[in-house]
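Summary of structural features
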Amino acid sequence: MKTFTFLLALTAASLSAAPTTNDLFSRTTSNGWGSTPQGQAYTVSGGTTSDFSTNGSRGQIKLSTYNNRLARLPLSITNYEGTVRLAVSTVPTANYAYAGPAFRIQSSGSDYYHARLRHNSDGTVTLTLQKIIAGSQTNLSSEVTVGSGYTAGAYYRVRFSVAGTNPTHLRAKAWKEADPEPALWQVELTDSTANLQTTGGAGIRAGGHSSFAPLNTSYYADDFQIHNVAYVASLKTAMQNAVAGDILYFTGTHTGNTKTYAHGTANAPIIVRGINGTVQTTSQSTGYGVEVLHNYWRFDDFTINYAKKGFYCLNADYGVATRIDITNIGQEAFKFRRYSNFWDVVQCSVDGTGQTAADYGEGFYVGDAQSNWESSTTPDTSGNITFRDCYTVNTTNDGYDLKEGAHHVKFINCIADFSGIEPVGGHARGDSGFYLRGDNLQLIGCLVNDLGNGSSAYNIANLAANGTDYGNAIEFKAATAQNITNGGAMFEIQSTRSTGVVIYTDYTATNVANFKIGSGTYTSGNPASFVEMTW
């Protein structure tokens, strides 16, 4: 799956994108780490002070013994997010060594949270969240493998977030620096340990197992950023004022149509992140829950409820939407149109569309029908979009709809569930699980279930527009259909003009009236020959 490596920044209520701490270690010190460019002095503990040094491009923590070491800053922050680059100088030959950011560090220096990146002697790299109380560590999450086959000196990035109190929301992820940043947090949980439900400092912790080898291995740290964050009082206003590098945390219900007003950048996208948050409009007949009109925005973890359209992208590129739940929408839930490209849409869900206009009740919609192109000869070429682990239920139109001109779209483990409301069979505007009129599409591990309107789970609808055929080069890998009844079909290939349709033989059809209908043909594919598209 294509994702985008974003260097995120956080904003306080003033929406300043500048980090509280931004340390590139461009100084040379011994017997300590000195001070950050912001004038914050590190306090070091564990081992000896000579284990801590900087060389003008990185900080170093030498493990002359296996004991824990900590370099901490005198910050007093409750909610913050940060990143750091970490590498180990030598591959452990016995057990493991570890390092990672520490946060909510109390004045004692012995109570804090820790995102531990562990380098194991078998070549794997794992991540876990811990709490350290009176110097004693407890794992709060299981170990999650984030890499393998690492080499000495190879950097990983670690991102962490701490938000709220009673409980505190803790999140972390780590990835090889050469790889794209994962869309989702890899470890996340809540914790209410009493003496960590308050402000604290931040730093970097390192150490090793009690039988770790070889000693005198060092951890390297670089690009250590800490960003103070406060929940925004009005998401609508905060999005209106946001600039590149801002991250907007919000909780509770925010009423009104929200939209973007400025571009982010590749290195500083604008982030909207919910902590138990909801965007709610006042009408299913007017306005959009979230309207994205600019590039490099990222949206995480909130609900959109009660709007004409839920999440609407118009000529907006390089975005990410993760765990956005859309409910009770007048028309479509997610819509990407007018040259919206390079999006990752992960673990998003739809429940209830078309409540004021059933004709336009799609769950996920890409592109435009020719009648809505900018001109009759200018196709809407929205594309390079990945939908992963997305889910629709109670849609009054197609679960997923790709129009002519849409291109290079992947659906991975996506579900169209019609166990509740389903479209009217034979409806001119759509009645299928996946309605596919784009080119270069892949459906991998997708499921359509309980469609009893006589229509098809996967509908390939070739169309000739402006002298061009659309609806070609479409592959189905490990496709599943269940309970497609009343004359319906698993596959419908409407036209003989459709070319490059491949149905791999690892499909599953259970209680399906017809395997295929329509005059078009397909090729059977060997699953071993399948190659996933990349861009």
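Just above, that's the structure.
The following paragraphs examine the structure supplied in this document. (Residues numbered from 1 in each chain as written. Predicted model: local features only at pLDDT ≥ 70, side-chain atom pairs only at ≥ 80, totals over all residues. Heavy atoms only, no water.)

A word on the overall build of the protein
Helices and strands together make up the secondary structure of the protein, namely one helix and 44 strands. Here the C-alpha radius of gyration of the protein, 26 Å, is about what a compact globule of 535 residues would show, namely 24 Å. For the C-alpha atoms alone, the extent of the protein along its principal axes is close to 75 × 50 × 40 Å. Split into buried and exposed, the 535 residues of the protein put 58% on the buried side. Intrachain contacts of the protein at a sequence separation of at least 6 include 68% that bridge at least 24 residues. Within the structure as shown, the protein displays about 18100 Å² of accessible surface, and the carbon and sulfur contribution to it stands at 46%. On the protein, the mean spot of the 35 positive side-chain charges and the mean spot of the 41 negative ones are 7 Å from each other. (Helix = DSSP H or I, 4+ residues; strand = E, 2+ residues; numbered from the N terminus. Rg over C-alpha atoms; globule rule 2.2 N^0.38 Å. Buried < 20%, exposed > 50% of the residue type's maximum accessible area, 1.4 Å probe, protein only. Contact = heavy atoms within 4.5 Å. Areas by Shrake-Rupley, 256 points an atom, 1.4 Å probe, with all protein chains shown as cover. Lys, Arg positive; Asp, Glu negative; His and termini not counted. Charge placed at Lys NZ, Arg CZ, Asp CG, Glu CD.)

Observations regarding the environment of T54
The topology assignment puts T54 in strand β4 (residues 52–55). Along the chain, T54 and F515 lie 461 residues apart, while their C-alpha atoms are 66 Å from each other. If we skip the residues at most four places from it in the chain, T54 touches F25, R27, T28, T29, G32, W33 and G59. Polar contacts involving the side chain of T54 include one to the main-chain carbonyl oxygen of R27, which spans 2.8 Å. Reaching out from T54, the side chain makes a polar contact with the side chain of T29 at a distance of 2.9 Å. (Polar contact = N/O pair within 3.5 Å; in protein donor to acceptor, adjacent residues only side chain to side chain.)

Here we look at the side chain of T480
Mapping T480 onto the fold places it in strand β41 (residues 480–493). Once residues within four sequence positions are removed from consideration, T480 is found in contact with C446, L447, V448, Y458, M490 and T508.

Some remarks on the state of the cysteines
Across all of its chains, the model carries zero disulfides by this definition. With no disulfide of its own, C446 lies closest to C414 among cysteine sulfurs, the gap being 4.9 Å. Taking relative accessible area as the criterion, C446 reaches 1% and is therefore assigned buried. (Disulfide = S-S within 2.5 Å.)

Concerning unusual backbone geometry
Put simply, N166 and P167 share a cis peptide bond, and its omega is 10°. Among the structural elements, P167 can be located in the loop between β13 (156–163) and β14 (168–176). Put simply, A213 and P214 share a cis peptide bond, and its omega is 0°. Even without a glycine there, the phi angle at R104 is positive, about 60°. When you line up the elements, R104 lands in strand β8 (residues 96–105). Its identity as a non-glycine residue notwithstanding, N315 has a phi of 55°, on the positive side. Structurally, the position occupied by N315 is in the loop between β23 (309–314) and β24 (319–327).

Section: the packing of aromatic side chains
Applying the stated criterion across every chain, the model contains 34 aromatic pairs. Here Y296 and Y318 contribute two aromatic rings whose centre-to-centre distance is 4.9 Å and whose plane-to-plane angle is 5°, an arrangement assigned as stacked. One end of the pair, Y296, is in the loop between β21 (288–292) and β22 (297–305); the other, Y318, is in the loop between β23 and β24, and 22 residues separate them in sequence. Look at Y318 and you get partly exposed, because its relative accessible area is 27%. Pairing F364 with F387 gives two aromatic rings, centres 5.6 Å apart and planes at 75°, and the pair type is edge-to-face. Here the residue F364 occupies a position in strand β28 (residues 364–366), and F387 occupies one in strand β29 (residues 383–388), the gap between them amounting to 23 residues. Pair check on accessibility: F364 and F387 agree, each one buried. (Phe/Tyr/Trp six-rings, centres within 6.5 Å; stacked < 30°, edge-to-face > 60°.)

Some points on the pairing of strand β10 (residues 125–133)
With eight of its nine residues buried, β10 lies for the most part within the structure. With eight bridges connecting them, strand β9 (residues 112–120) and β10 associate as antiparallel partners. Looking at the pairing, R116 lines up with T128 of β10. Connecting β9 to the antiparallel partner β10 that follows it, the hairpin turn spans four residues, and G123 within it adopts a positive phi of roughly 90°. (Pairing = 2+ DSSP bridges.)

Describing the pattern of salt bridges
Under the criterion given, the structure shown has 28 salt bridges. Residues R273 and E81 are paired through a salt bridge, measuring 2.5 Å at the closest nitrogen-oxygen approach. Taken together, the residues span a long stretch of sequence, with R273 in strand β20 (residues 270–280) and E81 in strand β7 (residues 80–88) at a distance of 192 residues. E81 shares its class with R273; the two are buried. The partner of R116 in a salt bridge is E143, and the shortest N-O contact between them spans 2.3 Å. On the criterion of sequence distance, the pair formed by R116 in strand β9 and E143 in the loop between β11 (136–139) and β12 (144–147) is long-range, its members being 27 residues apart. (Salt bridge = Lys/Arg side-chain N within 4 Å of Asp/Glu carboxyl O.)

Some words on the environment of L86
Examined against the element boundaries, L86 turns out to sit in strand β7. The spatial distance from the C-alpha of L86 to the C-alpha of G153 is 8.8 Å, given a sequence separation of 67 residues. Not counting residues within four places of it along the chain, the set of residues in contact with L86 comprises A99, G100, L117, A154, Y155, Y156, V158, I204, Y220 and A221.

Observations concerning the side chain of R298
Looking at where R298 falls in the secondary structure, it is placed in strand β22. A residue is classified by how much of its surface remains accessible, and R298, at 1% relative accessible area, is buried. Of the polar contacts made by the side chain of R298, one reaches the backbone oxygen of A183; its length is 2.5 Å.

Considering the environment of P379
Tracing the sequence through the fold places P379 in the loop between β28 and β29. You can call P379 partly exposed: its relative accessible area is 21%. Between the C-alpha atom of P379 and that of F299, which follows or precedes it by 80 residues, the distance is 27 Å. Every residue in contact with P379, bar those within four places of it in the chain, is listed here: Y339, W373, G405 and Y470.

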